[in-house]
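Structural features, examined
One-letter residues, chain by chain:
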Amino acid sequence: AQSVTQLGSHVSVSEGALVLLRCNYSSSVPPYLFWYVQYPNQGLQLLLKYTSAATLVKGINGFEAEFKKSETSFHLTKPSAHMSDAAEYFCAVSDFSGYSTLTFGKGTMLLVSP
Amino acid sequence: DVKVTQSSRYLVKRTGEKVFLECVQDMDHENMFWYRQDPGLGLRLIYFSYDVKMKEKGDIPEGYSVSREKKERFSLILESASTNQTSMYLCASRKQGANTEAFFGQGTRLTVV
């Protein structure tokens, strides 16, 4: 079964600093991977997804992620943090069974200080 | 604009009550899901449905049941609510296919007292 591990339940950065949120996956086949963002008291919104086309995936709000098969990683980055980026971020992997379930990591809360 | 709508944002129920959480999607998606979200545990799958009247257990189905009588509607039922079911509940829908995006509702924060 596929799974994802997010390293760090909380990450703190200063405004303007690099954002790096880590995600490692476990899958017996090439995976489909997703990053979602959740703002306070809201549902989840897709940031970006990897579906085996380009290994560097660009998403919304200036975020991008790179799929590295050798490291089984799909880390999320943004060159310069903004206060509005403060939210919880979830990495997810898609199940290849016929049911198309998504398995989520435990989430990383991004804190941005002025 | 695509939408997944959950009937309530906040609910307070008493222990032992039967609780219904409703979810409607307008995208004609085959798959619908109920997740539970707790701090430090991420999202855990309770039940999902891949077609009308079809359902499958997720990772934590105990204490819950579901109903899908129409394609657009997926209901989560707590047969006898308990305090350990106090949580945020998220509904999602997704078109068939492992590479497709899941769309989420705003969530229902349920408190059982």
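Let me begin by describing the structure that accompanies this report.

Thresholds, definitions, all that
- Residues numbered from 1 in each chain as written.
- Chains lettered and ligands numbered in written order.
- Predicted model: local features only at pLDDT ≥ 70, side-chain atom pairs only at ≥ 80, totals over all residues.
- Heavy atoms only, no water.
- Core = buried A, V, L, I, M, F, W, Y, C linked by side-chain atoms within 4.5 Å.
- Buried < 20%, exposed > 50% of the residue type's maximum accessible area, 1.4 Å probe, protein only.
- Helix = DSSP H or I, 4+ residues; strand = E, 2+ residues; numbered from the N terminus.
- Polar contact = N/O pair within 3.5 Å; in protein donor to acceptor, adjacent residues only side chain to side chain.
- Contact = heavy atoms within 4.5 Å.
- Disulfide = S-S within 2.5 Å.
- Pairing = 2+ DSSP bridges.
- Axes fitted to C-alpha atoms, helices over the stretch in contact; angles between N-to-C directions.
- Salt bridge = Lys/Arg side-chain N within 4 Å of Asp/Glu carboxyl O.
- Phe/Tyr/Trp six-rings, centres within 6.5 Å; stacked < 30°, edge-to-face > 60°.

Considerations on the nonpolar core
Core analysis: the biggest nonpolar cluster contains 27 residues, and Trp35(A), Phe74(A), Leu76(A) and Tyr89(A) have the highest contact counts within it. Residues Met27(B), Met32(B), Ile60(B) and Tyr89(B) belong to the second largest nonpolar core, which totals 21 residues.

Considering the side chain of Asp85(A)
Residue and element names in this part refer to chain A. Within the secondary structure layout, aspartate 85 lies in the loop between strand E8 (73-78) and strand E9 (87-94). For aspartate 85, a relative accessible area of 2% gives the class buried. Within the structure, the side chain of aspartate 85 is placed 2.8 Å from the backbone nitrogen of histidine 82, a separation counted as a polar contact. What aspartate 85 contacts, discounting residues up to four positions off in sequence, is Phe63, Lys78, Ser80, Leu110 and Val112.

Brief notes about the state of the cysteines
All names here are of chain B. Throughout the structure, instances matching the rule amount to 2 disulfides over all chains. Sulfur-sulfur distance for the disulfide between cysteine 23 and cysteine 91 comes to 1.9 Å. Negative torsions about the S-S bond denote left-handed disulfides, and the value of about -75° found for cysteine 23 with cysteine 91 makes this one left-handed. One end of the pair, cysteine 23, is in strand E3 (residues 19-25); the other, cysteine 91, is in strand E9 (residues 87-94), and 68 residues separate them in sequence. Just as cysteine 23 is buried, cysteine 91 falls in that class too.

So, the sheet that holds strand E7 (residues 64-68) of chain A
Residue and element names in this part refer to chain A. The 5 strands are arranged E1-E3-E8-E7-E6 in an open sheet whose pairing can be described as antiparallel. Looking at strand neighbours, the two that pair on one side only are strand E1 (3-7) and strand E6 (56-58), the edges of this open sheet. Across the sheet, the mean angle separating the axes of adjacent strands is 20° when strand polarity is ignored.

Comments concerning the pairing of strand E3 (residues 19-26) of chain A
Residues and elements named next belong to chain A. Burial along E3 is one-sided: Val19, Leu21, Cys23 and Tyr25 are buried, and none of Leu20, Arg22, Asn24 and Ser26, which face the opposite way, are. Of the pairings in the sheet, the one linking E1 to E3 comprises 5 bridges and is antiparallel in character. Counterpart to valine 4 in the pairing with E3 is tyrosine 25. With 4 bridges joining them, E3 and E8 adopt antiparallel strand pairing. Looking at the pairing, asparagine 24 lines up with serine 73 of E8.

Details of the pattern of salt bridges
On inspection of all chains with the given rule, the structure shows 7 salt bridges over all chains. For Glu64(A), the salt bridge identified is with Lys58(A), shortest N-O distance 2.8 Å. Judged by its relative accessible area of 23%, Glu64(A) is partly exposed. Using a relative accessible area of 62% as the deciding quantity, one classes Lys58(A) as exposed. The closest approach of N and O atoms between Asp38(B) and Arg44(B), which form a salt bridge, is 2.8 Å.

Some thoughts on the packing of aromatic side chains
Under the counting rule described, the total for this entry stands at 14 aromatic pairs over all chains. Ring plane angle 50° and centroid distance 6.2 Å describe the contact between Tyr50(A) and Phe74(A), whose orientation is recorded as tilted. Of the two residues, Tyr50(A) sits in strand E5 (residues 44-50) while Phe74(A) sits in strand E8, which places them 24 residues apart along the sequence. Across the pair, exposure class does not vary: Tyr50(A) and Phe74(A) are buried alike. A network of ring pairs unites the aromatic residues Phe34(A), Tyr36(A), Phe90(A), Phe104(A), Phe33(B), Tyr35(B), Phe48(B) and Phe104(B) as a single cluster.

Remarks on the sheet that holds strand E1 (residues 4-6) of chain B
Two strands in a sheet stick together by hydrogen bonds in their backbones, pointing the same way (parallel) or opposite ways (antiparallel). Residue and element names in this part refer to chain B. One open sheet holds the 4 strands; their spatial order is E1-E3-E8-E7, and the pairing between them is antiparallel. Of all strands in the sheet, those with a lone pairing partner are E1 and strand E7 (64-70), marking the two edges. For this sheet, the mean inter-axis angle between neighbouring strands, taken without regard to orientation, is 20°. Pairing geometry for E7 and strand E8 (residues 73-78), over 5 bridges, is antiparallel. When the bridges of E8 are listed, lysine 70 appears paired with arginine 73.

Geometric values such as these leave the question of function open.
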